Amino acid sequence: MATILNSISPKGSFPNFNLGPSEIEEMPKAVVSRTAKVFDMVAVQTNHTFESAIAPIAMNENKSKVFVDLVWLLKDVSPSKDIRDASSAAANMTNKHNTEMYMREDVYEAVRTAFANEKKMDKLDSEDRRLVKKLEREFYIHGLGLDKDSRARLGEIYNRKEELKLQFNSNTNGTSSKVLFTRRELVGLSDPYVDGLKTGQVDGLLKYVVKCKGADYYLLIRLAKHPETRKKMYLAFNSRRPENISLLQELTMLRLEKARLLGKSTHAEHMLEDQMAKTPKAVFDMLNSWKGKCRQALVENLNELSEMKKKDTEAARKQYDGFFDWGTMFYRYRRNGHAFNIGDGYTSEYFSIGYTVPAILSIYQKMLGLQFVKVDKPSAWHPDVELYEVWEVDQDKFVGRFYLDLYPREGKYPFVATFTARSGFAKVDGSREYPIAAMVANFPKPNPSEPRLFDHGHVIEFMHEMGHVFHCLCAATKW
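Each value, and the rule that gives it
- Residues numbered from 1 in each chain as written.
- Predicted model: local features only at pLDDT ≥ 70, side-chain atom pairs only at ≥ 80, totals over all residues.
- Heavy atoms only, no water.
- Helix = DSSP H or I, 4+ residues; strand = E, 2+ residues; numbered from the N terminus.
- Contact = heavy atoms within 4.5 Å.
- Phe/Tyr/Trp six-rings, centres within 6.5 Å; stacked < 30°, edge-to-face > 60°.
- Buried < 20%, exposed > 50% of the residue type's maximum accessible area, 1.4 Å probe, protein only.
- Lys NZ or Arg CZ within 6 Å of the ring centre and 35° of its normal.
- Patch = residues over 30% accessible without salt bridge, like charges linked within 9 Å, V, L, I, M, F, W, Y side chains within 5 Å.
- Areas by Shrake-Rupley, 256 points an atom, 1.4 Å probe, with all protein chains shown as cover.
- Salt bridge = Lys/Arg side-chain N within 4 Å of Asp/Glu carboxyl O.

Q: Any chance you could explain the environment of valine 209 here in plain terms?
A: One can find valine 209 in strand β4 (residues 205-211). Along the chain, valine 209 and asparagine 447 lie 238 residues apart, while their C-alpha atoms are 18 Å from each other. For valine 209, the contacting residues outside a window of four places in its chain are Lys178, Val179, Leu180, Leu197 and Lys198.

Okay, here's the thing in structure tokens:
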């Protein structure tokens, strides 16, 4: 699929993933100092134009994002807890300073003046006009236009929200929750999978340790034949990290208070203001228009699955106790297999990770007219991580890079997501800072005794996330 390189092509700068905690702690100080100087410079200008009020802030953001993107990635993927903690602290520092800057009345006046000059706005290209509008809104949602006390309270809310979000993510990424099962309780799971689990003795019984991580959870909830096993795993997975409940409760109240300070009745009304839907009513109207069409299909689906469970309970000479959420994926998986007259591994055998990843990348190459070049021994945050360069086929033009971090490990972001490792933008000297994306997942890791397989849901997830990767790489924006 791709050529293997011995070194990385000299295209654009590259994130430094070898920073230590002390270096990460020092770096945001330079970002904060430079940003303050830029905002001070904008504030003292007397002729407020795009060039004097908008461009300096945007160019500073270009530079700052080089550091900000790095720490936001490292806090979720670094194998070192010290680096994750240092990155979270650095992100918190820059967020708080960002809030302070976007609450400055003197700078807002300069931006508003440039925004209100319709003649000069009309002469800007579409991307510059969008930049001005977004920048003006950024000041607006930070309370410019409110009285002094309300604006001060809004600043407190922004800072506290960021602290809560960082703490929530740190809790979630660092979860060590696990469930212990006997071998009999794991009937339905493959022998290689069970043999690969850690074990321990509990009251004289050999127990297998299943972590409350997405990959293990979805495997067990779909394949374990004993309902009590699925229930035990379901409850443990969905009640992990109870300390996050209070964080969510506080965050919810802060969002509502923020919305009301900005003149909106709900958080939804505030968030939808600059989205396509515009109002909560438009969203509810859309959802309600679907309700009748979806309800019948839902009822039929649940009835079919519950009938399957009833047959199982009758065969086991047990009493039917109702249908619960921890049975949904199990019976849906079985039903789909029966419907197409194929066995339990009804699609997975076609989707080994070693085959599926290159196949999906090949589809994107053809669809977007790109060529991917896999880099040998890349600079990355973990040995499992792969790196690819992206080129346009027809023009032999460099586009950017992307990382694939596909397998679970302790302390890593536990879901599937795409991160920006380096934002793309046009530099002052006319050259380009090339974008770098990182696709992060927790798919089952291959091993010599068992070639790991994607199920159909994994295939869809991977295809979906790669769409975000190429949105990041192919959008050749100025800012």
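Q: Looking at this model, I keep getting lost on the packing of aromatic side chains. Mind explaining?
A: The description of an aromatic ring pair rests on the distance of the ring centres and on the angle between the ring planes. Applying the stated criterion across every chain yields a total of 25 aromatic pairs. Ring centres 6.3 Å apart and planes at 65° place the aromatic pair tyrosine 218 and phenylalanine 237 in the edge-to-face group. Highlighted residues: tyrosine 218 in helix α9 (residues 214-223) and phenylalanine 237 in helix α10 (residues 227-238), separated in sequence by 19 residues. Classification of tyrosine 218 by relative accessible area gives partly exposed; the value is 39%. Note on phenylalanine 237: relative accessible area 6%, which makes it buried. Taken together, the aromatic side chains of Tyr364, Phe372, Tyr388, Phe402 and Phe470 make up a single cluster linked through ring pairs. The cationic tip of arginine 240 hangs over the ring face of phenylalanine 237; the distance from NZ or CZ to the ring centre is 3.9 Å. The residue whose ring lies beneath lysine 310 is tyrosine 320, and the NZ or CZ to ring-centre distance is 5.2 Å.

Q: Sorry if this is basic, but what is going on with a nonpolar patch on the surface here?
A: Residues Phe284, Met286, Leu287 and Trp290 make up a contiguous nonpolar surface patch of roughly 410 Å² in combined accessible area. Within the fold, phenylalanine 284 resides in helix α13 (residues 280-315).

Q: How should the pattern of salt bridges be read in this particular structure?
A: Side-chain pairs of opposite charge can arise whenever the charged atoms involved come near each other. All chains considered together, the criterion is met by 33 salt bridges. Across the pair aspartate 125 and lysine 478 runs a salt bridge whose closest N-O atoms are separated by 3.0 Å. You can see aspartate 125 sitting in the loop between α5 (118-123) and α6 (126-141) and its partner lysine 478 sitting in the segment after α16 (456-474), a full 353 residues away along the chain. On the accessibility criterion, aspartate 125 (36% relative accessible area) is partly exposed. With its nearest N and O atoms 3.1 Å apart, the salt bridge here joins glutamate 156 to arginine 153. Here glutamate 156 pairs with arginine 153, and both are found in helix α7 (residues 148-173), just 3 residues apart, close to one helical turn. Here the residues in one salt-bridge network are Lys96, Arg160, Glu163 and Glu250, joined through shared partners.

Q: Looking at this model, I keep getting lost on the side chain of threonine 313. Mind explaining?
A: With respect to the secondary-structure elements, threonine 313 resides in helix α13. A relative accessible area of 12% places threonine 313 in the buried class. With residues near it in sequence (within four places) discarded, threonine 313 still touches Lys318 and Tyr320.

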